[in-house]
Amino acid sequence: MSETDEIKKLEARAHGMLPGVAGICLFMLVLTTINAIAALQGKFGAGSGKYGVLALCTLLAAGIFGLLRLRRWGWALVLGGCLTLCLGNLFVFEKTHLGPFLLRGLFALVFFLYLVRTEVRDRLR
């Protein structure tokens, strides 16, 4: 078996999804569902806050399913959602000094930093 055949096998095998991407998608899908239900119950107000959260949840859900299919547009939407989630949680932590917001913001930051790695980007179509 030649060296080029071995390289071709490794390249063909490397185009699958990384386990971290699947875990991030699962976490973001649960978080998106919880936020959409909270918005429908009126936890974010009755006006523009409610519809803003629902719009963001819709975009993020579409991005999650796109990322699960390894599409570049899905990756971009989830990346933006992770950054928005991180900054939003850190902003709320700065105002309220409640620890769970810091923890959620740092988790979203770790997810963002994982998704910008070249190993993740190379697998997208």
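A short note on unusual backbone geometry
Of note in the backbone geometry, L70 takes a positive phi value of approximately 60 degrees without being a glycine. Examined against the element boundaries, L70 turns out to sit in the loop between α3 (48-68) and α4 (72-96). Notably, H97 is not glycine yet its phi reads approximately 60 degrees, a positive angle. Assignment of secondary structure puts H97 in the loop between α4 and α5 (99-115).

Section: the side chain of N89
Note on placement: N89 falls in helix α4. Exposure remark for N89: the relative accessible area of 9% places this residue in the buried category. Filtering out sequence-adjacent residues up to four positions away, N89 remains in contact with F101, R104 and G105.

Considering the environment of L29
The residue L29 is located in helix α2 (residues 19-40) in this model. Separated by 48 residues in the primary sequence, L29 and L77 place their C-alpha atoms 13 Å from one another. Not counting the four nearest positions on each side in its chain, L29 is found in contact with I64 and F65.

Looking at the pattern of salt bridges
According to the stated counting rule, one finds 2 salt bridges in the structure shown. Notably, a salt bridge pairs E94 with K95, separated by 3.9 Å at the nearest N-O pair. The closest approach of N and O atoms between R117 and E119, which form a salt bridge, is 3.1 Å. Judged by relative accessible area, which is 38%, E119 ranks as partly exposed.

Conventions used here
Here the residue numbers are simple positions, counted from 1 along each chain's written sequence. Local features in a predicted model are, by the rule used here, given only for residues with pLDDT of at least 70; side-chain atom pairs are given and counted only at 80 or more, and totals for whole chains, interfaces and linings are based on all residues. To get the side-chain values, take all heavy atoms of the structure and skip hydrogens and water. Secondary structure elements follow DSSP: runs of H or I of four or more residues count as helices, runs of E of two or more count as strands, with numbering from the N terminus. Type-normalised accessible area, obtained with a 1.4 Å probe on protein chains alone, sets the label of each residue: buried when under 20%, exposed when over 50%, and partly exposed for intermediate values. Working rule for contacts: check all heavy atoms of both residues, and any pair within 4.5 Å makes them a contact. Within this document, salt bridges are pairs made up of a side-chain nitrogen of Lys or Arg and a carboxyl oxygen of Asp or Glu, the two lying within 4 Å of each other.

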